[in-house]
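Here's the letter readout for the chains.
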Amino acid sequence: MAQDSGTRTLISHSQLSRGRGKVIYWTLLVVVVAGFTLVFLGPLYWMVTGALKSGQEIAQTPPSLFPKDPQPQNYIDAWNNLALAKLLFNTFYYAIGAVLFQLVFDSAAAYSLSKLRPIFGNAILALMLGTLMIPAMVLIVPQYVTVLDLPILHINLLDSPFAIWLPMVANAFNIFLLKRFFDSIPEELMAAALMDGATSLRTLWSIILPLSRPILGVVSIFAVTAVWKDFLWPKLVMPSPETRTVSVGIYTFAGGTPMNVVIAASVIAALPTVIIFLIFQRNIMSGLTTGGIKG
């Protein structure tokens, strides 16, 4: 029977069904999967177990795979000594604001480029995507100067949440994702809404956004993780101890804190993003793939 060209691979099914071919295939598969698992989960395992070790065990060479005398007290010390409750609250507050700002402004920009199609819309989109080629470090200085003296208003945004929220609004990647998803929404729905007398804003609110929940969820997750893992920018614009994010706070207190306690604080700081990914991983995949489906 001829093999279907749609399922053809580098190795034919007949070769895989033979004894030697099957052994080689499964051996390579196990080696590749184990290698990637070690690369991605190895640092997480070291972090979680390191937080349970004593200071001497952390510093010993070679490192031990398991804590000889687990010390869960390290997590309590990290929570109390590093004021993690305040740091996590600040970071969560900045993340929620970033999500709201991006959903409002990036959705409006993507809707305009996808459905309203303004003059020079493709050129504007190309310029937006071109900013993705600029290294983030290059933009630090002009962004910081802008935060020090906001043009026209002449406001200093240091220690203000807007110093984090406003730069995150101009996210070309999220606008592109939203536009691609909006492109997949049939034009017939737009025409029907227009015939019913709906305005462009009403169409966006009542038709486009309800159909775009998967990609809106993806953008929200991207916004949360971007705020949560960012370090350099919050360190520059949030110098006050009362406004620091969790990554900046842990770095600041690390100098006079035992290493095992710092690692325990890092585990606590990483938990929210890990939990968010485990809960919404299906939404991430569906949101990224649904945009390519027409009709």
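These notes cover the structure that comes with them. Worth saying up front: this structure is predicted, and the values here are computed from it rather than measured.

Rules used throughout
- The residue numbers shown here count from 1 along each chain, following its written sequence.
- Reporting of local features is limited, given that this is a predicted model, to residues whose pLDDT is at least 70; pairs of side-chain atoms are given and counted only at 80 or more, and all residues count toward the totals for whole chains, interfaces and linings.
- Note that water and hydrogens are dropped before the side-chain values are worked out from all heavy atoms of the structure.
- Helix and strand definitions follow DSSP, with helices as H or I runs of at least four residues and strands as E runs of at least two, each counted in order from the N terminus.
- Burial classes follow relative accessibility: with a 1.4 Å probe on protein chains only, a residue under 20% of its type's maximum area counts as buried, one over 50% as exposed, and anything between as partly exposed.
- Every residue pair with non-hydrogen atoms within 4.5 Å of one another is taken to be in contact.
- All accessible-area figures derive from a Shrake-Rupley calculation using a 1.4 Å probe, and residue coverage is judged against the displayed protein chains alone.
- Lines are fitted to the C-alpha atoms to define the axes, a helix being fitted only along its stretch in contact, and any angle between axes, read from their N-to-C directions, falls within 0 to 180 degrees.
- Throughout this description, any angle smaller than 35 degrees is read as roughly parallel, any larger than 145 degrees as roughly antiparallel, any in the 65 to 115 degree range as roughly perpendicular, and the remainder as oblique.
- In this scheme, a crossing is called left-handed if the near helix is turned counterclockwise away from the far one by less than a right angle; it is called right-handed if the turn is clockwise.
- Residue type decides the class: Asp, Glu, Lys and Arg count as charged, Ala, Val, Leu, Ile, Met, Phe, Trp, Tyr, Cys and Pro as nonpolar, and the leftover types, Gly among them, as polar.
- The aromatic pairing rule takes the rings of Phe, Tyr and Trp, using the six-membered ring of Trp, and pairs them if the centres are within 6.5 Å, calling planes under 30 degrees apart stacked, those over 60 edge-to-face and the rest tilted.

1. Quick word on the overall build of the chain
So, point 1. Secondary structure assignment for the chain yields 15 helices and 0 strands.
So, point 2. Residues counted as buried form 33% of the 295 residues belonging to the chain.
So, point 3. The long-range fraction of contacts in the chain, counting pairs at least 24 apart against all pairs at least 6 apart in sequence, stands at 72%.
So, point 4. Roughly 18300 Å² of accessible area belongs to the chain as shown, and the carbon and sulfur atoms make up 72% of that amount.

2. Focus on the packing of helix H5 (residues 84–116) against helix H12 (residues 213–229)
So, point 1. One can describe the packing of H5 onto H12 by two numbers: an axis separation of 8 Å at closest approach and a directional angle of 140°. With respect to each other, H5 and H12 are oriented oblique. Seen along the crossing, H5 lies across H12 with a hand that is right-handed. Contacts between H5 and H12 involve Leu 88, Thr 91, Phe 92, Tyr 94, Ala 95, Ala 98, Val 99, Gln 102, Leu 103 and Ser 107 on the former and, on the latter, Leu 216, Val 219, Ser 220, Ala 223, Val 224, Val 227 and Trp 228.
So, point 2. Partitioning the contact of H5 with H12 into residue classes produces 13 nonpolar, 4 polar and no charged.

3. Some details on the packing of aromatic side chains
By convention here, two paired aromatic rings are described through the distance between centres and the angle between planes.
So, point 1. In this structure the tally under the stated criterion is 11 aromatic pairs.
So, point 2. Relative to Tyr 251, the ring of Phe 231 has its centre 5.1 Å away and its plane inclined at 75°; by these criteria the two rings are edge-to-face. Taken together, the residues Phe 231 in the loop between H12 and helix H13 (232–237) and Tyr 251 in helix H14 (residues 246–253) connect sequence positions 20 residues apart.
So, point 3. A relative accessible area of 29% places Phe 231 in the partly exposed class.

4. Let's talk about the packing of H5 against helix H9 (residues 172–183)
So, point 1. Packing of H5 against H9 brings their axes to within 8 Å, and their N-to-C directions diverge by 50°. In this view, H5 runs oblique relative to H9, as classed from their interaxial angle. H5 and H9 meet at a crossing whose hand is right-handed. Judged by residue contacts, Gln 102, Asp 106, Ser 107, Ala 109, Ala 110, Tyr 111, Leu 113, Ser 114 and Lys 115 of H5 engage Asn 174, Ile 175, Leu 178, Lys 179, Phe 182 and Asp 183 from H9.
So, point 2. Here the residues of the contact of H5 with H9 are counted per class, giving 7 nonpolar, 4 polar and 4 charged.

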